[in-house]
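Topology and contacts: notes
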Amino acid sequence: MRNVRTLAVVLSAAAALAACDAPTRSARTEQPAEATAGRLDPMFARAASEFTVPVELLKAVAFTETGWQFARGEHSDLEGMPAAYGIFALRGERLERGAQLAGVTLEAAQTDVESSIRAGAALLRAEGEALRVAGSDLGAWAPAVASFSGISNNEAQAEYVHSGVFRALREGVTDVPHATLAARPGVRAALAPPIGGPRLTTEYGPAIWSASPNYTAGRSYSLALVVIHTCAGNYSGCWSWLTNPSSGVSAHYVVGQTDIGGGVTEVRQLVDEDNTAWHVGKYWQGYPTNPRSVGIEHGGFSYGSNGYGPWPAVQYNTSVKLTCDVVKSRGIIRDRDHIIGHYQPDPVNRAHDPGQGFPWADYMSKINTCVSGSTGGTAIVVDSHAGTSGTTARFSASSNWISSAGTAGYYGSGYYYASTAAISDAANFEFYLPAAATKAVSAWWTSGTNRSASAPFIMYNASGTEVGRRSANQQAGGGAWQSLGSYSFSAGWNRVSLSRWTTEGYVVIADAVKVE
């Protein structure tokens, strides 16, 4: 079992309040009264009075949905789910119904702060009426709150009510620029809590396991990437949707936003890291992203950009720890070609995922500090038959080199060979390093009496400068890694070239090179 912990929930979003900082759970304190009003307080009060719902409940639901910021209706990161709008992050049919019940236009519910609050209040009252819930008993409203959430998964719905809305009610929220919610420690939800204790995962400490059926067993490429996402919605609704068989989407992990105590927030694992989650439908650097990546979603909205505030510190720090854990255990290179945001493979549809203000330099620095020591990668194997290019390894050779699997003992699914001759026509094994390092180089070939006894391997750094060479006897030692020595390489794409320019009358074998 790997180390680290996790846990929990919160939210952020933005809009008319774009100039305001996002509230954080750490800002929550018990307040004696709502004496200090925020900008939204009068709007909440008017909507509560108009639609006869408790104003405290209205605030708590809105805080759980968006952290009292204004969802701007950007593309939802949850494939198949409509975009969220307003202080209550209403979507699709629920947005249309709320607007209709409030007597405002759909456009107003999408763009105007007070109209969006009225739409949310009207929808909450309608849910209460359907369940015959009314009055000032906050706990009695719990079933209506569950229905209001639009979450179909019972466990996620219960979590939304107990860990989201009613926790906000019990602890209170102080976010003066937006609103203030006085603490009501004794309030309890009249709804069954989640059944049973959490089942923890074995891959990331006490992350809670909530299996998603939306994945492909195994991987068709080596795991080499981590993709950072933001849900554009609340945590419970996010992992609920990603585990819904009809959604057709998933991720390996979802990180919550609320400090549930001790500076930790909840993390759910939905898909085993050895399997392919369905979280990016685009290619990255010429190859499909999903089979090569671990996807990490985050409850809430875009990070610190486009009107949204930064993520709560507890969520950001937990994300760093989780990514660090994945990088360390999977030997993923720690650079921005391998730890990426969803916007990189899909800049058109996911431009704000995880947010144009996401602090990548700080995030990478913290991951490097967390990993500490090594360059973050395990051995890089450049296999001549694994493809011509990749994110860490690529191979190239002219058409004079012939593909074969005619001699046993080759690496992977075959090898290339070419006759020795006094010409410049090398086969090139390239590998990517995020930072300069001294690396041990070895090569794999098939052996035979027609092989060169002086096959020239030449090492180059990323600038194309030769850093060493070694002649290998390929008549022996086939079917195993053979050391070519250690060399100092630079950051970027370095190269090991197998030349044909040696004693004529033989062949040289270009099979695989390993750097570690």
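Residues numbered from 1 in each chain as written. Predicted model: local features only at pLDDT ≥ 70, side-chain atom pairs only at ≥ 80, totals over all residues. Heavy atoms only, no water.

On to the pattern of salt bridges, then. Per the stated rule, a full pass over the model turns up 17 salt bridges. Between R125 and E129 there is a salt bridge, with its nearest N and O atoms 3.7 Å apart. You can see R125 and its partner E129 sitting in helix α5 (residues 113-130), four residues apart, about one turn around the helix. A residue is classified by how much of its surface remains accessible, and E129, at 52% relative accessible area, is exposed. R500 is the salt-bridge partner of D425, the closest N and O atoms lying 2.6 Å from each other. Of the two residues, D425 is situated in the loop between β19 (415-419) and β20 (427-433) and R500 in the loop between β25 (492-498) and β26 (507-510); the sequence distance between them amounts to 75 residues. Owing to a relative accessible area of 10%, D425 belongs among the buried residues under this scheme. Residues participating in the shared-partner salt-bridge network are E155, E159, E266 and R268. (Salt bridge = Lys/Arg side-chain N within 4 Å of Asp/Glu carboxyl O. Helix = DSSP H or I, 4+ residues; strand = E, 2+ residues; numbered from the N terminus. Buried < 20%, exposed > 50% of the residue type's maximum accessible area, 1.4 Å probe, protein only.)

With that settled, consider unusual backbone geometry. Of note, the bond from D353 into P354 is cis; its omega dihedral lies within 30 degrees of zero at 10°. Considering the arrangement of structural elements, one finds P354 in the loop between β15 (339-341) and α10 (360-371). Of note, the phi angle at T52 is positive, near 50°, even though the residue is not glycine. Tracing the chain through its elements places T52 in the loop between α1 (41-51) and α2 (55-66). One non-glycine residue, A232, lies in positive phi territory at about 60°. Its place among the elements puts A232 in the loop between β8 (225-228) and α8 (235-242). Owing to a relative accessible area of 14%, A232 belongs among the buried residues under this scheme.

A few words now on helix α3 (residues 92-102). The set of residues buried in α3 consists of L95, G98, A99 and A102. Looking down the long axis of α3, one finds its buried residues gathered within 95° of arc, a one-sided arrangement. In α3, those exposed residues whose orientation departs by more than 90 degrees from the buried face are E93 and Q100. The secondary structure elements touched by the buried residues of α3 are α1, β2 (84-86), β3 (90-91), α4 (106-111) and α5. Where α3 terminates, the next one or two residues include G103, which has phi positive at roughly 75°. (Arc of directions from axis to C-beta. Contact = heavy atoms within 4.5 Å.)

Turning our attention to the environment of H338. Residue placement: H338 occurs in the loop between α9 (313-330) and β15. For the pair H338 and S293, spaced 45 residues apart in sequence, the C-alpha to C-alpha distance is 8.8 Å. With residues up to four places along the chain from it excluded, the contact list for H338 reads A224, L225, V226, I332, I333, T391, T392 and Y432. Here the side chain of H338 touches D335 through a polar contact of 2.5 Å, side chain to side chain. (Polar contact = N/O pair within 3.5 Å; in protein donor to acceptor, adjacent residues only side chain to side chain.)

Strand-to-strand pairing in sheets goes through backbone hydrogen bonds, with the strands running parallel or antiparallel. With antiparallel pairing, the five strands of this open sheet are ordered in space as β17-β20-β25-β22-β23. Sheet topology places β17 (393-396) and β23 (466-472) at the edges, where each strand pairs with a single neighbour. Across the sheet, the mean angle from the axis of one strand to that of its neighbour is 20°, orientation sign disregarded. (Pairing = 2+ DSSP bridges. Axes fitted to C-alpha atoms, helices over the stretch in contact; angles between N-to-C directions.)

The angle between the axes and the distance between the axes are what describe a pair of packed helices. Two numbers describe how α2 lies on helix α7 (residues 154-171): the axes approach to 8 Å, and their chain directions differ by 125°. Judged by the inter-axis angle, α2 sits oblique to α7. Helix-helix and strand crossings are classified by hand; for α2 and α7 the assignment is right-handed. Where α2 approaches α7, its residues E56, L57, A60, V61, F63, T64 and E65 are matched on the opposing element by Y160, G164, V165, F166, A168 and L169. A breakdown of the residues in the contact of α2 with α7 according to their chemical character gives nine nonpolar, two polar and two charged. (Parallel < 35°, antiparallel > 145°, perpendicular 65-115°, else oblique. Left-handed = near helix turned anticlockwise from the far one by under 90°. Nonpolar A, V, L, I, M, F, W, Y, C, P; charged D, E, K, R; others polar.)

Turning our eyes to something else, we now look at the sheet that holds strand β24 (residues 482-489). Reading across the sheet, the four strands line up as β16-β27-β21-β24 and stay open at both edges, with antiparallel pairing between neighbours. Single-partner strands in this sheet number two, and they are β16 (380-383) and β24. Going from strand to strand, the sheet's axes swing by 20° on average, the running direction of each strand aside. Across seven bridges, strand β21 (residues 437-444) lies against β24 in antiparallel orientation. From the neighbouring strand, A437 faces β24, where its bridge partner is F489.

To continue, consider the packing of aromatic side chains. For any two aromatic rings, the description comes down to two numbers: the centre-to-centre distance and the angle of the planes. All told, the structure shown has 22 aromatic pairs when counted by the stated rule. Measuring from ring centre to ring centre gives 5.4 Å for Y303 and F358, while their planes differ by 75°; the resulting arrangement is edge-to-face. Highlighted residues: Y303 in the loop between β14 (293-298) and α9 and F358 in the loop between β15 and α10, separated in sequence by 55 residues. Here Y303 and F358 have matching classes, each one buried. One aromatic cluster is present, formed by Y303, W311, Y316, F358, W360 and Y363 through successive ring pairs. One cation-aromatic arrangement involves R495 over Y460; the distance from NZ or CZ to the ring centre is 4.1 Å. (Phe/Tyr/Trp six-rings, centres within 6.5 Å; stacked < 30°, edge-to-face > 60°. Lys NZ or Arg CZ within 6 Å of the ring centre and 35° of its normal.)

Keep in mind these values describe shape, not function.
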